[in-house]
Amino acid sequence: MKRIDHAEASSKFIKAKDHIDFHDKRLWDLRQKRDRESESLPEWQELRTLASQIKEHTLTHLADYLEEFERNAQRNGVTVHWARDAAEHNQTVFDLLHTRGAKTLVKAKSMLTEECEMREFLGPRGIEVIETDLGERIQQLDNEPPSHIVVPAVHKLRTDVAAVFARTLGTDPANSDVHYLAESQRQTTRPHFLAAGAGMIGANFAVAETGTVVVCTNEGNADLSINLPGLQLASIGIEKMIPRIEHLGVFIRMLSRNALGSPITQITSHFRAPRPGTEMHIILVDNGRSERLGMADFWYSLKCIRCGACMNTCPVYRRSGGLSYGATYSGPIGVIIDPTFNLRKYAALPFASTLNGSCSNVCPVRINIHEQIYKWRQVISERGQLPMVKKNGMKLAGRILASPRLYRAAIGAAGTGIEYLPNFMMYNRMNAWGKQREVPVTPPTTFRQWYLANRGKKGKKK
Amino acid sequence: MKVALFIPCYVDAFFPEVGVATLELLERLGLEVVYPLNQTCCAQPMANSGCHQEAAATEALFVRNFKGFDYIVTPSGSCTHHIRDHLTAIPQTPEVTAVRRNTFELVEFLHDILGVRAFPWAEFPHKVGLHIGCSTLRALNEAKMSEIAGMPFSKPHALLSAVKGIEFVTPARPDECCGFGGTFSVFEEPVSARMGYDKVHDHRNAGAEYIVSPDMSCVMHQKGCAERLGLPLKFIHIAQVLNGARA
């Protein structure tokens, strides 16, 4: 398993100047809209606390709420399946489609199916999956995973989309007008809705007391995906539970405000029962969530409602792009979730952060994201997953800095400073500091030397 | 009042003038300040890299050097953050917790503990962009954060406002991280440098001649970026300005 090299990948992203400029500005714009919208609600901080408490309560009583949800969904005429992991989920979906002869699956946005690599599983088994969310469709047609959990193709310029659509949908490559492009996607996706044997949605929330699946969208594609075909599927991560319908208001008031800076999504759909004469199946997926729930330092990440605000605010994410994380989840929430899937592969990700802390402040459910990033670094170090150059550098630094004598020898004389102590800070990774920055000039004396000369050993002014 | 001065390793090695200004300023305010001679570092570089075990001996040395003081004052927000919130690689004896509790970043010490609001000796006739490092901003809570609603406040700004002739400019993203991030600056060099470039451009576009900051590590990074870009920006620590530096 190849380790993800976030620094290397981000360097490629940064070289495309138009792209990074746009990406950074677009996401910062979302952050600012989010600031304005959240400031319009004087009770914003109280809502965050409530949302956090509801999620914390639900997660600490998860088994009960899952069973309540199952009972109510069954009462509504829905068949409920349980999937331990991605493989079980994908097999369940395949069996449902296969036994009913469905060859095409239209689907709405779902990070869970990305996590399960469902398209990659179904494709070779003869099932065509059509992403119907505009951003997801762009990414599917370009053979790339989503780079952002809310705006999946945000790293692309409209000229990139024009090129992808020209290649795959036969549009005019010279026309990058957004209306033209969106209309082209709409016209080419519509027939799939009508012809598909099955439709699939994800879930923003699953309400235990009613068995309802709640989906928040801006395009209406989730409604078309599930309201047209005869076989309706919903894949839901088990952490999406909330106890009662009255709790939904807390989250709905925050979700779109925090994600996009709009008061609410265009459409908030409640799916409860199959239409007459059709079937509806819900697949409740664990895929590592129970294990995460058992991690004392990291279970809080399960409160996430996937608003993406931590990505929009993250200065590192904005300048490296979601694909540079090489994982389903990117940005601050990604770097605390991805290591639970594969510590070795994703060991670099918790270091793709300056620990500035703005992610935790924008989180609508008060996940202590930057503190978890800090904690993950300890786990990675303790489990021997730090790069040798860093581990050895830290061992050396730890020895020098623990000894006044070695420390003074390292920085004591003018001109030798940068060769020893600040080595770990400056001159690692092939002189990384000096590539794009000037190195600080070593002054003639250290502060300590000045102090001894000017205040004397007893600390008196000379 | 027994006050100790902690000069972080990178200030000791690269920016002794910041240590001098901090010491002189505290002395001007009538304090007797002790500089424990065996001090090195707070252990933040190791701890932020996840290397707790490697941080332990340095943390223990820090506590040996600074135990018994009423206040430990340092011109660095991130070191204060480490000591206050993260110095946990060693057993938490009463001695350790007292050192952690008594450590203050210079601005909060002046603003909150001493309550100083006047610096009659200070004059800085320049256009200034203020850079507050992320630890100083979010962990020490020295100013309002742009992502949290509320009444604007800024302790560094409040102190600098007492300096004659100073003129503030406001960049488009005043509290965007500059990308230093400790070892992040070398292990994530491409993003770090890009963030630094964006930061110094933002200040320059706002018309800043100087970037003034309570955080010298951010400044070390930004200065390196500005010099490489050839931007006519100068950098100075807030202690130097408050101590009366004119340029």
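None of these values were measured; they are calculated from a predicted model. (Residues numbered from 1 in each chain as written. Chains lettered and ligands numbered in written order. Predicted model: local features only at pLDDT ≥ 70, side-chain atom pairs only at ≥ 80, totals over all residues. Heavy atoms only, no water.)

**Quick look at the overall build of chain A**
Phase 1: Assigned secondary structure in chain A consists of 23 helices and 10 strands.
Phase 2: In terms of overall dimensions, chain A has C-alpha extents of about 95 × 55 × 45 Å along its principal axes.
Phase 3: For chain A, the residues scored as buried account for 60% of the 462 residues in total.
Phase 4: Summarising the internal contacts of chain A: among those between residues at least 6 apart in sequence, 72% fall at separations of at least 24.
Phase 5: Summed over all atoms, the accessible surface of chain A reaches about 18600 Å², with 52% contributed by carbon and sulfur.
Phase 6: The distance from the centre of the 62 positive side-chain charges to the centre of the 47 negative ones in chain A is 11 Å. (Helix = DSSP H or I, 4+ residues; strand = E, 2+ residues; numbered from the N terminus. Buried < 20%, exposed > 50% of the residue type's maximum accessible area, 1.4 Å probe, protein only. Contact = heavy atoms within 4.5 Å. Areas by Shrake-Rupley, 256 points an atom, 1.4 Å probe, with all protein chains shown as cover. Lys, Arg positive; Asp, Glu negative; His and termini not counted. Charge placed at Lys NZ, Arg CZ, Asp CG, Glu CD.)

**Thoughts on the overall build of chain B**
Phase 1: For chain B, the count of helices and strands is 13 helices and 8 strands.
Phase 2: Rg of the C-alpha trace for chain B: 17 Å, near the compact-globule value of 18 Å for 247 residues, within the 12% margin.
Phase 3: Its C-alpha atoms give chain B principal-axis dimensions of roughly 50 × 45 × 35 Å.
Phase 4: Counting contacts in chain B only where the partners sit at least 6 residues apart, residues at least 24 apart contribute 77% of the total.
Phase 5: Surface exposure of chain B reaches about 7700 Å², of which carbon and sulfur atoms provide 54%.
Phase 6: Put simply, chain B has 21 plus and 26 minus side-chain charges, and the middle of one group is 3 Å from the middle of the other. (Rg over C-alpha atoms; globule rule 2.2 N^0.38 Å.)

**Overview of the packing of aromatic side chains**
Phase 1: Going through the model one piece at a time under the given rule, you end up with 18 aromatic pairs over all chains.
Phase 2: Centre to centre, the rings of A:Phe205 and A:Phe251 are 5.3 Å apart; their planes meet at 40 degrees, and the pair counts as tilted. With A:Phe205 in strand β5 (residues 205-207) and A:Phe251 in helix α12 (residues 245-260), this pair connects stretches of sequence that are 46 residues apart. For the pair A:Phe205 and A:Phe251, a shared accessibility class is recorded, and that class is buried.
Phase 3: Among the aromatic residues, those joined into a ring-pair cluster are A:Phe447, A:Trp450, A:Tyr451 and B:Tyr35.
Phase 4: Directly above the aromatic system of A:Trp433 lies the positively charged group of A:Arg437, at a separation of 4.3 Å from the ring centroid. (Phe/Tyr/Trp six-rings, centres within 6.5 Å; stacked < 30°, edge-to-face > 60°. Lys NZ or Arg CZ within 6 Å of the ring centre and 35° of its normal.)

**Quick notes on the packing of helix α23 (residues 447-455) of chain A against helix α2 (residues 16-28) of chain B**
Any two packed helices are characterised by the angle at which their axes cross and by the distance between the axes.
Phase 1: Packing of α23(A) against α2(B) brings their axes to within 8 Å, and their N-to-C directions diverge by 45 degrees. The orientation of α23(A) relative to α2(B) falls into the category oblique. Handedness of the crossing formed by α23(A) with α2(B): right-handed. In contact with A:Phe447, A:Trp450, A:Tyr451 and A:Arg455 of α23(A), α2(B) contributes B:Pro16, B:Gly19, B:Val20, B:Leu23, B:Glu24 and B:Glu27.
Phase 2: Of the residues assigned to the contact of α23(A) with α2(B), the class counts are 6 nonpolar, 1 polar and 3 charged. (Axes fitted to C-alpha atoms, helices over the stretch in contact; angles between N-to-C directions. Parallel < 35°, antiparallel > 145°, perpendicular 65-115°, else oblique. Left-handed = near helix turned anticlockwise from the far one by under 90°. Nonpolar A, V, L, I, M, F, W, Y, C, P; charged D, E, K, R; others polar.)

**Topic: the sheet that holds strand β3 (residues 71-74) of chain B**
Residue and element names in this part refer to chain B.
Phase 1: Reading across the sheet, the 4 strands line up as β2-β1-β3-β4 and stay open at both edges, with parallel pairing between neighbours. Two strands lie at the open edges of the sheet, namely β2 (33-34) and β4 (103-105), each paired on one side alone.
Phase 2: Across the sheet, helix α7 (residues 106-114) lies against β1 (3-5), β3 and β4, angled at about 100 degrees from β4, the strand it touches most. (Pairing = 2+ DSSP bridges.)

**Re the interface of chain B and chain A**
Phase 1: With 69 residues of chain B in contact, the opposing surface of chain A contributes 78 residues.
Phase 2: Both faces considered, chain B and chain A share a buried interface measuring about 6700 Å² in area, 61% of it formed by carbon and sulfur atoms.
Phase 3: The largest per-residue losses of area from chain B upon contact with chain A belong to B:Phe14, B:Phe187 and B:Arg194, which jointly make up 11% of the total buried on that side.
Phase 4: The tally of links from chain B across to chain A stands at 9 salt bridges.
Phase 5: Across the pair A:Lys391 and B:Glu54 runs a salt bridge, and its minimum N-O distance is 3.3 Å.
Phase 6: Summed over the shared surface of chain B and chain A, the number is 34 residue pairs in polar contact (both at pLDDT 80 or more).
Phase 7: Partitioning the side of chain B that touches chain A into residue classes produces 36 nonpolar, 19 polar and 14 charged. (Buried area = accessible area lost by both parts, 1.4 Å probe. Salt bridge = Lys/Arg side-chain N within 4 Å of Asp/Glu carboxyl O. Polar contact = N/O pair within 3.5 Å; in protein donor to acceptor, adjacent residues only side chain to side chain.)

**Describing the domain arrangement of chain B**
Residue and element names in this part refer to chain B.
Phase 1: For chain B, the assigned domains are domain 1 (3-114) and domain 2 (127-242).
Phase 2: Distance between the C-alpha centres of domain 1 and domain 2: 22 Å.
Phase 3: With 26 residues of domain 1 at the interface, the matching set in domain 2 holds 20 residues.
Phase 4: Summed over both partners, the interface of domain 1 with domain 2 comes to about 1800 Å²; 71% of that surface belongs to carbon and sulfur atoms.
Phase 5: Ranking the residues of domain 1 by area buried against domain 2 places Phe15, Val107 and His111 at the top, with a combined share of 26%. (Domains from an automatic or database assignment.)

**Looking at helix α20 (residues 404-411) of chain A**
Phase 1: Looking only at α20(A), the buried set comprises A:Pro404, A:Tyr407, A:Ala410 and A:Ile411. Along the long axis of α20(A), the arc covered by the buried residues comes to 125 degrees, so they all point the same way. Opposite the buried face of α20(A), at more than 90 degrees from it, the exposed residues are A:Arg405 and A:Ala409.
Phase 2: Residues of α20(A) that are buried in the fold lie against α19 (388-401) of chain A together with α1 (9-14) and α4 (52-66) of chain B. (Arc of directions from axis to C-beta.)

**Quick look at the environment of A:Val129**
Phase 1: Mapped onto the elements, A:Val129 comes out in strand β3 (residues 128-131).
Phase 2: Not counting residues up to four positions away in its chain, the partners in contact with A:Val129 are A:Leu105, A:Lys107, A:Arg119, A:Leu122 and A:Gln140.

**Overview of the pairing of strand β8 (residues 234-237) of chain B**
Residues and elements named next belong to chain B.
Phase 1: Bridge count between strand β7 (residues 210-213) and β8: 4 bridges; the pairing is parallel. Bridging from a neighbouring strand, Ile211 pairs with Phe235 of β8.
Phase 2: In terms of handedness, the path from β7 via helix α12 (residues 216-229) over to β8 forms a crossover that is right-handed. (Right-handed = clockwise from strand over helix to strand, strands pointing away.)

**Side note on the side chain of A:Ser52**
All names here are of chain A.
Phase 1: Topologically, Ser52 is positioned in helix α3 (residues 44-60).
Phase 2: For Ser52, a relative accessible area of 7% puts it in the buried group.
Phase 3: Sequence-distant contacts of Ser52, defined by excluding residues within four places in its chain, comprise Lys303, Val365 and Arg366.

**Section: unusual backbone geometry**
Phase 1: The phi torsion at A:Asn287 lies on the positive side, around 45 degrees, for a residue other than glycine.
Phase 2: Here A:Asn287 is to be found in the loop between β10 (279-285) and α13 (289-293).
Phase 3: Taking relative accessible area as the criterion, A:Asn287 reaches 12% and is therefore assigned buried.
Phase 4: In this model, B:Ala43 sits at a positive phi of 85 degrees, which is unusual for a non-glycine residue.
Phase 5: Along the chain, B:Ala43 turns up in the loop between β2 and α3 (44-48).
Phase 6: For B:Ala43, a relative accessible area of 0% corresponds to the buried category.

**Looking at the sheet that holds β5(A)**
Residues and elements named next belong to chain A.
Phase 1: Spatial strand order, β8-β5-β6-β9: 4 strands in an open sheet with mixed pairing. The open sheet is flanked by β8 (241-242) and β9 (267-271), the only strands paired with a single partner.
Phase 2: Where strand β6 (residues 212-217) lies against β9, 5 bridges are found, and the strand directions are antiparallel. Looking at β9, one finds that Cys216 is bridged to Thr268.
Phase 3: Packed on one face of the sheet, α12 meets β5, β6, β8 and β9 and runs near 165 degrees to β5.

**Looking at the environment of A:Gln53**
Residue and element names in this part refer to chain A.
Phase 1: The topology assignment puts Gln53 in helix α3.
Phase 2: Look at Gln53 and you get partly exposed, because its relative accessible area is 47%.
Phase 3: Considered as a pair, Gln53 and Leu96 are 43 residues apart in the sequence and their alpha carbons are 37 Å apart.

**Points about helix α5 (residues 86-99) of chain A**
Residue and element names in this part refer to chain A.
Phase 1: Compared with the 20 Å implied by 1.5 Å per residue over 14 residues, the 20 Å span of α5 between its first and last C-alpha is a close match.
Phase 2: Within α5 the residues assigned to the buried category are Ala86, His89, Asn90, Thr92, Val93, Phe94, Leu96 and Leu97.
Phase 3: At the exit of α5 stands Gly101, carrying a positive phi of roughly 70 degrees. (Expected span 1.5 Å × (residues − 1).)

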